[in-house]
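# Structure at a glance
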Amino acid sequence: MSMQKPFAITLDPGSSLANKTGSWRTERPVYGDHLPPCNAQCPAGEDIQGWLYHAEGGNYEAAWRHLTRDNPFPAVMGRVCYHSCEGKCNRGQVDSAVGINSVERFLGDEALKKGWRFEAPAQESGKHVLVVGAGPSGMSAAYHLRRQGHAVTVVEAGPSMGGMMRFGIPKYRLPREVLDGEMQRIVDMGVTVQLNTKVDDIAQAMVDGGYDATFLAVGAHIAKRAFIPAKDSSRIVDAVSVLRSMEGEDQPMLGRRVVVYGGGNTAIDVARTAKRLGATEAIIVYRRTREKMPAHDFEVEEALQEGVMVKWLSTIKQAGADGALTIEKMVLDAKGNPQPTGEFETLESDSLVLALGQDVDLSLLDGVPGLELKDGVVQVDPDTLMTGHPGLFAGGDMVPAERNVTVAVGHGKKAARHIDAWLRGTQFTKAPKHAIATFDKLNTWYYSDAPKTVRPQLDIARRTSSFDEVQGGLTDENALFEARRCLSCGNCFECDNCYGVCPDNAVIKLGPGKRFEFNYDYCKGCGVCVSECPCGAIEMVPEES
């Protein structure tokens, strides 16, 4: 918003009244940049405020290109990211958080619709990097490495790109044409992808291919098992196999009564998938309460809307030959851990699906010197993601970290930066971060209430009878509205308030995009500019003696 400049006396620099005012001040105003809390929270390292700035001006391609400097998958991430950035958004303390995730999806969909492409690197480095795994972490690394001019070969054991985005996320959450479009865009940059090719010995593969560095990004595709006494004819399957089989022509036969054992997002996905396959009952058995459930609450809520049932504080003790499951009631102790009660009930089922987590196949690392394996993952330098073997980096599900797509994408970018530096014989040094822009520094009275745009959802009847996408997207108009809800926390967006309210004509406009500076010969340090800056981009600092 621009404000009309109020009347103020302008002093002739030659006048005896035009004296420097430094001796009048105890403090002086200073423009500064601060780190928006959304940016600070993003595991993929996106400059969220930066791309929202372009989007709120209606320049969607510029916004998309700004976003994809850090994350090449906005259409995917706009669907599967759990948008923890919105939980930190300062706007949430005014009315509701900016719909960052929904605008990101809109930009990704616009790019696919309009055929926006990534540019090929201007120069080739002459270096060749092997990436093992075409999932979110591997393809993110391939993208960033290719941008830096390196030749990249991605080797994938499966028949398609996407990794667990394809084989672990159902189509009703992530349509495959969206996933394919964003994967292919990276291939079109000149990245080589070899499908249906499993690496059994990474050390030998590096030698045979003459690679200069390698990034390991093998997903967690091996389902964890639990010891459940079961009769021979009991139908017990794992969640990973069920979701993976959904990519084939033959859909899994789970029956009418499906019980899912587990409490994570995978358990929710399988139960919702079972309903779409025709199950009249899809029941999740979980040993804790809803408050303790690791699955995200909005996914739990959507599952309940679709008729999925949950048996809280319950565990499975035995599976009978006729599909009868013996369920024991649990109770939480003082530390929140479930304890058995000795109370049992029987639950009938046609199939039992185990959703108890996944492990990574690390057999390709056998015999590689310098590696440390612990708790089923590869130990890496947390700053560089390099393993103990020079030139061998790892990320995603293979390293100690939270397992989700956004974290994996961030690992790919981080590893690519350090691989690039290692190949060039240098070290990548991350720029120091600014202080976080906190809500108390904002002057939010400049903003009227504008609640977050609610994205449309598919009606319940169609949700439970088809794999059509559940969550709709924004239109051009409400994407623009949503982007404009951003408060630009901590960073000047040239609203002209400081220029308009300064009683001393001490604020100098430097031109569009160049912001302002203070003429301290005129500034008396009154602080009006600070109190009237909506985004908290000005602060008073003690005057130097």
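Heads up: these notes are all about the structure in this document.

Basis of the calculations
- Residues numbered from 1 in each chain as written.
- Predicted model: local features only at pLDDT ≥ 70, side-chain atom pairs only at ≥ 80, totals over all residues.
- Heavy atoms only, no water.
- Helix = DSSP H or I, 4+ residues; strand = E, 2+ residues; numbered from the N terminus.
- Buried < 20%, exposed > 50% of the residue type's maximum accessible area, 1.4 Å probe, protein only.
- Contact = heavy atoms within 4.5 Å.
- Areas by Shrake-Rupley, 256 points an atom, 1.4 Å probe, with all protein chains shown as cover.
- Lys, Arg positive; Asp, Glu negative; His and termini not counted.
- Charge placed at Lys NZ, Arg CZ, Asp CG, Glu CD.
- 1 Å grid on protein atoms, 1.4 Å probe; cavity = no way out; pocket = protein on both sides within 12 Å on 5 of 7 lines; lining within 4 Å.
- Points joined across faces, edges and corners; volume = space filled by probe spheres on them.
- Nonpolar A, V, L, I, M, F, W, Y, C, P; charged D, E, K, R; others polar.
- Core = buried A, V, L, I, M, F, W, Y, C linked by side-chain atoms within 4.5 Å.
- Expected span 1.5 Å × (residues − 1).
- Patch = residues over 30% accessible without salt bridge, like charges linked within 9 Å, V, L, I, M, F, W, Y side chains within 5 Å.
- Salt bridge = Lys/Arg side-chain N within 4 Å of Asp/Glu carboxyl O.
- Pairing = 2+ DSSP bridges.
- Axes fitted to C-alpha atoms, helices over the stretch in contact; angles between N-to-C directions.
- Parallel < 35°, antiparallel > 145°, perpendicular 65-115°, else oblique.
- Right-handed = clockwise from strand over helix to strand, strands pointing away.
- Phe/Tyr/Trp six-rings, centres within 6.5 Å; stacked < 30°, edge-to-face > 60°.
- Lys NZ or Arg CZ within 6 Å of the ring centre and 35° of its normal.

## Let's talk about the overall build of the chain
Assigned secondary structure in the chain consists of 18 helices and 21 strands. Along the first, second and third principal axes, the C-alpha atoms of the chain reach 100 × 55 × 50 Å. Considering the chain as a whole, with its 545 residues, one finds that 51% of them fall into the buried category. Considering only intrachain contacts with a sequence separation of at least 6, the fraction spanning at least 24 residues in the chain is 72%. Split by element, the accessible area of the chain, about 24,900 Å² in all, is 50% carbon and sulfur. Across the chain, the centroid of the 59 positively charged side chains sits 1 Å from that of the 71 negatively charged ones.

## What about the layout of surface pockets?
The probe, sized like a water molecule, is rolled over the atoms to show the empty space still left. Its boundaries defined by the atoms lining it, the second largest pocket holds a volume of some 1,300 Å³. In terms of lining residues, the second largest pocket is bounded by 46 residues, among which Gly-45, Glu-46, Lys-413, Lys-430 and Lys-433 are the most central. Listed by contribution, the elements that provide at least two residues to the lining of the second largest pocket are α1 (37-41), α2 (48-56) and α14 (405-423). For the lining of the second largest pocket, the leading source of residues is α14, giving seven residues. Tallied by class, the residues present in the lining of the second largest pocket amount to 19 nonpolar, 14 polar and 13 charged.

## Let's talk about the nonpolar core
Within the largest apolar cluster, 88 residues are counted, with the highest numbers of intra-cluster contacts made by Leu-52, Ile-202, Leu-216, Leu-365, Met-398 and Ile-419. Counting residues per element, this core draws most heavily on α14, at six residues. When sequence neighbours within four positions are dropped, the list of residues in contact with Leu-365 reads Ile-202, Leu-216, Leu-371, Leu-373, Val-378 and Met-398. Judged by nonpolar contacts, the second largest core, of 24 residues, contains Ile-268, Ala-279, Ile-284 and Ala-303.

## Quick word on helix α6 (residues 100-114)
Over its 15 residues, α6 extends 21 Å from the first C-alpha to the last, a length consistent with the 21 Å expected when each residue adds 1.5 Å. Counting buried positions over the 15 residues of α6 gives eleven, a clear majority of the element. Those residues of α6 that fall on the buried side of the exposure criterion are Ile-100, Asn-101, Ser-102, Val-103, Glu-104, Arg-105, Phe-106, Leu-107, Gly-108, Glu-110 and Ala-111. Of the residues trailing α6, Gly-115 is marked for its positive phi of about 70°.

## A word on a negative patch on the surface
Together, Asp-200, Asp-201, Asp-208 and Asp-366 make up a region of like negative charge exposed at the surface. Tracing the backbone shows Asp-200 in the loop between β4 (192-194) and α10 (202-209).

## Things to note about the sheet that holds strand β14 (residues 351-354)
Strand order in the open sheet made by the five strands is β7-β14-β8-β9-β10, with parallel pairing throughout. Where the open sheet ends on each side, the last strands, each with one partner, are β7 (236-238) and β10 (309-311). Pairwise comparison of adjacent strand axes, ignoring direction, gives a mean angle of 25° for this sheet. Sheet topology places strand β8 (residues 257-261) next to β14; four bridges connect them, and they run parallel. The partner of Val-258 across the bridge, within β14, is Ser-351. Together, β8, β9 (281-285) and β14 form the strand contacts of helix α12 (residues 265-276), whose direction differs from that of β9 by roughly 165°.

## Points about the sheet that holds β4
Sheet architecture is open: five strands sit in the order β4-β3-β2-β5-β18, paired in parallel fashion. Lying at the two open borders of the sheet, with one neighbouring strand each, are β4 and β18 (392-394). In this sheet, adjacent strand axes meet at a mean angle of 20° when their direction is disregarded. Pairing analysis gives three bridges linking strand β5 (residues 213-216) to β18, with the strands arranged parallel. Note on β18: the bridge partner recorded for Phe-215 is Phe-393. Contacts from helix α7 (residues 136-147) reach β2 (128-132), β3 (151-155), β4 and β5 within the one sheet, and its direction differs from that of β3 by about 170°.

## Side note on the packing of α2 against helix α3 (residues 60-67)
The N-to-C vectors of α2 and α3 enclose an angle of 170°; their axes lie 7 Å apart at closest approach. Here α2 is positioned roughly antiparallel relative to α3, judged by the angle of their axes. On the side of α2, the interface is formed by Gly-50, Trp-51, His-54 and Ala-55, while α3 contributes Tyr-60, Ala-62, Ala-63, His-66 and Leu-67. Considering only residue class, the contact of α2 with α3 consists of six nonpolar, three polar and no charged.

## Thoughts on the pairing of β9
For β9, the tally of buried residues reaches four of five residues, placing the bulk of the element in the interior. Pairing between β8 and β9: five bridges, direction parallel. Residue pairing across strands places Val-260 opposite Ile-284, the latter belonging to β9. With respect to chirality, the unit in which β8 leads through α12 into the neighbouring parallel β9 is right-handed. Two elements, β9 and β10, share three bridges in a ladder whose sense is parallel. By the bridge assignment for β10, Val-285 is matched with Lys-311.

## Here we look at the packing of aromatic side chains
Under the criterion given, the structure shown has eleven aromatic pairs. Residues Tyr-31 and Phe-516 carry aromatic rings whose centres are separated by 6.2 Å and whose planes lie at 25° to one another, so their mutual orientation is stacked. With Tyr-31 in strand β1 (residues 27-31) and Phe-516 in strand β20 (residues 516-518), the pair connects residues that are 485 residues apart, well separated along the chain. Overall, Phe-516 belongs to the buried group, its relative accessible area being 7%. Here the aromatic rings of Tyr-82 and Phe-298 are separated by 6.0 Å at their centres, their planes lie at 55°, and the arrangement is tilted. Remark: Phe-298 occurs in helix α13 (residues 297-305) and Tyr-82 occurs in the loop between α4 (74-80) and α5 (84-88); sequence separation between them is 216 residues. Among the residues examined, Tyr-82 registers a relative accessible area of 18% and is labelled buried. Chaining the aromatic ring pairs together yields one cluster made of Tyr-31, Phe-516, Phe-518 and Tyr-520. Above the face of the Phe-118 ring, Arg-185 is positioned so that its terminal group lies 5.4 Å from the ring centre.

## Observations concerning α14
When the terminal C-alpha atoms of α14 are compared, their 27 Å separation across 19 residues agrees well with the 27 Å that a helix rising 1.5 Å per residue should span. Of all the 19 residues making up α14, 16 are buried; the element is thus mostly covered by neighbouring parts of the structure.

As far as function goes, none of this settles anything; it's purely spatial.
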